[in-house]
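Here is how the chains run, residue by residue.
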Amino acid sequence: MTKTTRFAPSPTGALHIGGVRTALFNYVYAKQNKGMFLIRIEDTDAERSTREHEENILKGLSDIGINPDKPPVRQSERSELYKHAAQTLIDSGKAYYCNCSKERLDEMRSNQQSKGLKPQYDGKCRDLNLKADPTTVLRLKTPQDGELIFHDLVRGEVVFQNSELDDLILLRSDGSPTYHLCNVVDDFEQNVTTVVRGEDHLSNTPRQIHIQQALSYPSLEYAHLPMVLGQDKKRLSKRNAVTSLQDYFDQGYLQSSMINMLARLGWSKGDKEIFYLDDLISDFRIQEVQKAGAIFDPAKLDWINNHHLAALSYDNFKERLVPFLDKVGINLTEKQNCDEIIKAMRSSKPTLLGVANDLIPYFSEVDSYDEKAANKFLSGSESVLQFVQRKLNSLEAWNEESIDHALQEAQTVLSLPTPKLNQPIRIAMTGSTQSPSLGLTLSLFELAEVNNRIDAALEYLANST
Ligand code: GLU
């Protein structure tokens with residue numbers, strides 16, 4: 001039988017890291033089984049669901065190459081299916097109408113709680129054979145004793161006591177279907193075979209299996225994924241991390257890096273750290289997903305992105321960098337040696353936006369110096385700057401090798417430790433102490449520009465004393 005998985009987001013917010021990880025695992029599991037991956041928009045909560053969120057979710061997934069094998073469906077457009085299923089349950093006596101008032105239910109719950117019992121519906125209307133009216137909800141006749149056991153691909157055998165599960169509501173008093181009913185009916189209607197979702201849905205599963213069984217639907221495979229946690233070991237949220245996928249793209253994390261990082265949230269393969277989508281399709285094993293929460297580590301994402309950026313050909317890297325250069329106001333046509341500059345700087349930061357920012361001093365004047373760096377290395381460096389400037393101006397050839405040579409000679413003559421010689425010049429050239437080797441950095445500028453920048457640093461020092 002063709003394995004069919006689905007990602008079933010509720011469009012009540014932008015696509016977040018935990019959701020993308022669920023979608024990815026569903027996608028990979030389907031693809032490695034030569035099956036189908038579907039998307040279902042669970043938008044029955046009309047107040048909180050928006051088309052904007054839906055579009056954000058679908059675009060985010062498509063940006064990282066996760067596209068469904070059939071057009072996505074929306075629950076809000078399928079209410080006939082749910083009503084029909086509810087009718088089947090009524091006709092077969094597996095569901096009943098209940099007219100218990102809110103006051104009665106509240107009182108019942110507080111009585112149960114005061115006796116230390118789990119609050120749950122007591123089944124008062126179960127055998128009353130009530131008819132539907134505007135005050136009634138439809139409830140499932142859940143088995144009252146025995147166990148519900150299912151096998152979870154991640155967690156093994158999972159057992160729930162039926163006595164812990166009350167008669168859940170299938171239709172609200174206005175006739176609208178609830179989440180559980182829609183979810184079960186759609187999995188059946190879409191021929192889903194495998195439900196891969198967050199562990200937060202684990203307690204929903206026995207309830208949904210009861211609905212499935214009452215409707216004589218075939219049973220499904222389940223895999224409940226560990227929660228994604230922030231560095232503080234709390235559930236990943238806007239409070240402890242950047243959770244929106246788009247925000248990562250906006251920083252210049254590659255799509256492939258996001259996939260790589262997401263795959264490692266709860267799954268690993270020995271020491272291997274770098275995975276592309278195709279590797280996952282061959283290597284991923286859902287049974288190897290861990291049960292413990294998976295911590296999202298931004299430093300690890302940086303490390304992964306570094307690798308993915310380094311693996312790009314130069315042309316590909318440049319093409320991806322250009323939008324970020326635009327963002328920071330860099331126009332490549334202004335510099336003939338722009339490729340040389342980019343090649344020298346391409347690993348300066350783990351993100352494309354970081355690299356673009358680091359490129360600014362190579363394309364425009366330095367308008368300020370990093371304060372800490374200036375205090376530490378620039379103050380008192382007048383004679384070093386002047387000496388090196390003279391030395392550079394006496395060079396016959398202007399290239400990395402000859403500049404390195406001149407710098408070494410200067411260091412010997414002045415008998416200074418490397419930072420004392422290099423950092424003042426580096427700060428003069430780029431505004432900070434971060435740049436590639438100094439010879440390479442200087443060679444990226446014309447000598448006239450080196451003079452301008454050293455003069456500007458000397459002037460800054462003259463004015464600041
Ligand atoms: N709509 C549910 C959610 O966004 C997912 C339900 C499921 O995957 O079964 O959490």
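Basis of the calculations
Residues numbered from 1 in each chain as written. Predicted model: local features only at pLDDT ≥ 70, side-chain atom pairs only at ≥ 80, totals over all residues. Heavy atoms only, no water. 1 Å grid on protein atoms, 1.4 Å probe; cavity = no way out; pocket = protein on both sides within 12 Å on 5 of 7 lines; lining within 4 Å. Points joined across faces, edges and corners; volume = space filled by probe spheres on them. Helix = DSSP H or I, 4+ residues; strand = E, 2+ residues; numbered from the N terminus. Nonpolar A, V, L, I, M, F, W, Y, C, P; charged D, E, K, R; others polar. Pairing = 2+ DSSP bridges. Axes fitted to C-alpha atoms, helices over the stretch in contact; angles between N-to-C directions. Buried < 20%, exposed > 50% of the residue type's maximum accessible area, 1.4 Å probe, protein only. Phe/Tyr/Trp six-rings, centres within 6.5 Å; stacked < 30°, edge-to-face > 60°. Lys NZ or Arg CZ within 6 Å of the ring centre and 35° of its normal. Right-handed = clockwise from strand over helix to strand, strands pointing away.

**Re the layout of surface pockets**
Looking at the largest pocket, its volume works out to about 1100 Å³. Residue lining of the largest pocket: 36 residues in total, with S10, H16, G19, D200 and R235 positioned closest to the centre. At the level of elements, β1 (4–7), α1 (17–32), α5 (179–189) and β9 (194–198) are the ones that each hand at least two residues to the lining of the largest pocket. It is α1 that provides the largest number of residues to the lining of the largest pocket, a total of four residues. Within the lining of the largest pocket, the residues separate by chemical class into twelve nonpolar, 14 polar and ten charged. Empty space within the second largest pocket amounts to approximately 310 Å³. Together, 19 residues line the second largest pocket, and N357, D358, P361, T430 and S432 are the ones closest to its centre. No other element matches helix α13 (residues 352–363), which puts five residues into the lining of the second largest pocket. When grouped by side-chain class, the residues that make up the lining of the second largest pocket number six nonpolar, nine polar and four charged.

**Quick word on the sheet that holds strand β8 (residues 169–171)**
Within the open sheet, the three strands sit side by side as β4-β5-β8. Their pairing is antiparallel. Two strands bound the open sheet, and with one partner strand each, they are β4 (95–98) and β8. For this sheet the average axis-to-axis angle between neighbouring strands, irrespective of direction, equals 45°. Where strand β5 (residues 137–140) and β8 come together, two bridges link them in antiparallel fashion. When the sheet's bridge partners are listed, L138 is paired in β8 with L171.

**Digging into the environment of F150**
By secondary structure assignment, the location of F150 is in strand β6 (residues 147–152). The exposure class of F150 is buried, given its relative accessible area of 7%.

**As for the packing of aromatic side chains**
Scanning the entire structure with this criterion turns up eleven aromatic pairs. Three or more aromatic residues link up through ring pairs in this structure, and these residues are F25, W267, F275 and F284. It is R346 that lies over the ring of F317; its NZ or CZ is 4.4 Å from the centre.

**Some words on the pairing of β1**
Burial along β1 is two-sided: T4 and R6 and T5 and F7, pointing in opposite directions, are all buried. In this structure, β1 lies alongside strand β2 (residues 36–41), joined through four bridges in parallel fashion. Counted as the bridge partner of F7 is I39 from β2. Taken together, β1, α1 and β2 constitute a β-α-β crossover, and its handedness is right-handed.

By themselves, these figures tell us nothing about what the structure is for.
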